[in-house]
2 protein chains.
Amino acid sequence: MRRDVFQALADPTRRAIILMLAVSAMTPNAIADQFDISRQAVSKHIKVMSECELLAQEQKGREIYYHLHADKMKEIEKWLEQFKQQISKRFEQLDEVLIQLKQKKK
Amino acid sequence: MRRDVFQALADPTRRAIILMLAVSAMTPNAIADQFDISRQAVSKHIKVMSECELLAQEQKGREIYYHLHADKMKEIEKWLEQFKQQISKRFEQLDEVLIQLKQKKK
DNA sequence: TCATTACGAAACCATTTGGTTGCAAATGTA
DNA sequence: TACATTTGCAACCAAATGGTTTCGTAATGA
């Protein structure tokens, strides 16, 4: 099983859960109330996100509050930075072509 | 089948392909040469990315050059913005708690 | 004309995914 | 103590995923 933040973001339900937990920690029941799927289905999503260290749990009596480990999202940003860096290479290559065309003219 | 940019990014091979195509368009064979999997496996990844409109093809004789539709990546950035906005709400709530504590002291 | 090359499509397979229902354990409450 | 609530875990299922091999077809070049 692949377990990284990209995998966590791949499912729309998980993305919605992440946006909710970004505001404040919640219990599985409270999260499940917001969706049309079963509590257990939500629990599975929570498990996936826990496995990629996006979530931390805090037991309070019989309730478990899930907190978002927001820093993990930086991995996405890091990749996006890498992506933009590659894009800039494209333009560098274009520049080279233009320079070569210029030299041919001479 | 879910077909969005998040899905496209979920697989590490696809992420690597995207980074390559960000620099310049490539043919399926040229892409496959960079990986240990079969050309057909790469073709499947290309298909997934095409279906979520991340790729555009340009036929040149018997070769097909796949170009990256880099703008599509903005959907990821858009979601990340939304995420950060939610995170900021968390601090607004914290501020409220502090204000309430202050008022209780009086 | 004919072999080669580049590619997509199809069939197949094991594994993963996203969902379900049922159950047991732990905790809080009457 | 008895009962209700919150939760995780296991079993199960259909569909999707990521890979393979095989085949068909269109363009290239000798």
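These notes cover the structure that comes with them. Since the model is a prediction, treat every value here as computed from it, not as a measurement. (Residues numbered from 1 in each chain as written. Chains lettered and ligands numbered in written order. Predicted model: local features only at pLDDT ≥ 70, side-chain atom pairs only at ≥ 80, totals over all residues. Heavy atoms only, no water.)

### Notes on the nonpolar core
- Ranked by size, the top nonpolar core spans 54 residues in total, and within it A:M73 and B:M73 carry the most contacts.
- With six residues, helix α2 (residues 12-23) of chain B is the largest single contributor of residues to this core.
- Residue contacts for A:M73: discarding those within four places in its chain leaves A:V5, A:L9, A:I18, A:L54, B:W79, B:L80 and B:F83. (Core = buried A, V, L, I, M, F, W, Y, C linked by side-chain atoms within 4.5 Å. Buried < 20%, exposed > 50% of the residue type's maximum accessible area, 1.4 Å probe, protein only. Helix = DSSP H or I, 4+ residues; strand = E, 2+ residues; numbered from the N terminus. Contact = heavy atoms within 4.5 Å.)

### Notes on the protein's contact with DNA strand C
- What surrounds DNA strand C is a group of 24 residues, the closest being A:S38, A:K44, A:H45, A:R62 and B:Y66.
- For DNA strand C, the fraction of protein-proximal atoms (within 4 Å) that sit in sugar or phosphate groups is 62%.
- The contact in question runs from a phosphate oxygen of DNA strand C to an N or O atom on the side chain of A:R3, over 2.8 Å.
- Between DNA strand C and B:R39 there is a distance of 3.2 Å, counted from a base oxygen to a side-chain nitrogen or oxygen.
- Taken together, the elements giving at least two residues each to the surface near DNA strand C come down to α4 (39-51) of chain A together with α3 (28-32), α4 (39-51) and β2 (63-68) of chain B.
- If one sorts the elements of the surface near DNA strand C by residue count, α4(A) sits on top with four residues. (Near = heavy atom within 4 Å. Polar contact = N/O pair within 3.5 Å; in protein donor to acceptor, adjacent residues only side chain to side chain.)

### Concerning the protein's contact with DNA strand D
- Residues in close proximity to DNA strand D total 24 residues, the closest being A:N29, A:Y66, B:S38, B:K44 and B:H45.
- By atom count, sugar and phosphate contribute 57% of the portion of DNA strand D lying within 4 Å of the protein.
- Within the side chain of A:R62, a nitrogen or oxygen atom sits 3.0 Å from a base oxygen of DNA strand D.
- Note that a base oxygen of DNA strand D is positioned 3.0 Å from one of the side-chain N or O atoms of B:Q40.
- Contributing elements (two or more residues each) for the surface near DNA strand D: α3 (28-32), α4 and β2 (63-68) of chain A together with α4 of chain B.
- Looking at the surface near DNA strand D element by element, the count peaks at four residues for α4(B).

### Observations concerning the pairing of strand β1 (residues 55-60) of chain B
Residue and element names in this part refer to chain B.
- Of the pairings in the sheet, the one linking β1 to β2 comprises six bridges and is antiparallel in character. From the neighbouring strand, K60 faces β2, where its bridge partner is E63.
- The loop that links β1 with its antiparallel partner β2 comprises two residues; one of these, G61, has a positive phi angle of about 65°. (Pairing = 2+ DSSP bridges.)

### Overview of the environment of B:A22
- Looking at where B:A22 falls in the secondary structure, it is placed in helix α2.
- Taking C-alpha positions, B:A22 is 16 Å from B:I76, a pair spaced 54 residues apart along the chain.
- When neighbours within four sequence positions are excluded, B:A22 is seen to be in contact with A:F83, A:Q86, A:I87, A:R90 and B:L68.

### Digging into the packing of α2(B) against α4(B)
Residue and element names in this part refer to chain B.
- Taken N-terminus to C-terminus, the directions of α2 and α4 make an angle of 75°; their axes are 10 Å apart at the nearest point. Taken together, the axis directions place α2 and α4 in an arrangement best described as roughly perpendicular. Across the interface between the two elements, T13, R14, I17 and I18 from α2 touch V42, H45, V48 and M49 from α4.
- Of the residues that constitute the contact of α2 with α4, the class distribution is five nonpolar, two polar and one charged. (Axes fitted to C-alpha atoms, helices over the stretch in contact; angles between N-to-C directions. Parallel < 35°, antiparallel > 145°, perpendicular 65-115°, else oblique. Nonpolar A, V, L, I, M, F, W, Y, C, P; charged D, E, K, R; others polar.)

### Some thoughts on the relation of the copies chain A and chain B
- Of the two same-sequence chains, chain A is brought onto chain B (RMSD 0.1 Å, axial shift 0.1 Å) by a rotation of 180°. Here the transformation between the copies is reduced to the relation of a two-fold axis. Residue A:A10, judged by its C-alpha, is the member of chain A lying nearest the rotation axis, at 3.0 Å.
- When the interface residues of chain A are mapped onto chain B, 100% of them are again interface residues, pointing to one common binding face. (Least-squares fit on C-alpha atoms with pLDDT ≥ 70 in both.)

### Points about the interface of chain A and chain B
- In this complex, chain A contributes 30 residues to the contact, which on the side of chain B involves 30 residues.
- Taken as a group, A:L19, A:V23 and A:W79 account for 22% of the area that chain A buries against chain B, more than any other trio of residues on that side.
- Inspection of the chain A/chain B interface yields six salt bridges.
- Across the pair A:R2 and B:D11 runs a salt bridge, and its minimum N-O distance is 3.8 Å.
- The interface formed by chain A and chain B includes six residue pairs in polar contact (both at pLDDT 80 or more).
- For the side of chain A that touches chain B, the elements supplying multiple residues, two or more each, are α1 (5-9), α2 (12-23) and α5 (74-105) of chain A.
- Examining the composition of the side of chain A that touches chain B, we find that 12 residues originate from one element, α5(A), more than from any other.
- The class makeup of the residues in the side of chain A that touches chain B is 17 nonpolar, five polar and eight charged. (Buried area = accessible area lost by both parts, 1.4 Å probe. Salt bridge = Lys/Arg side-chain N within 4 Å of Asp/Glu carboxyl O.)

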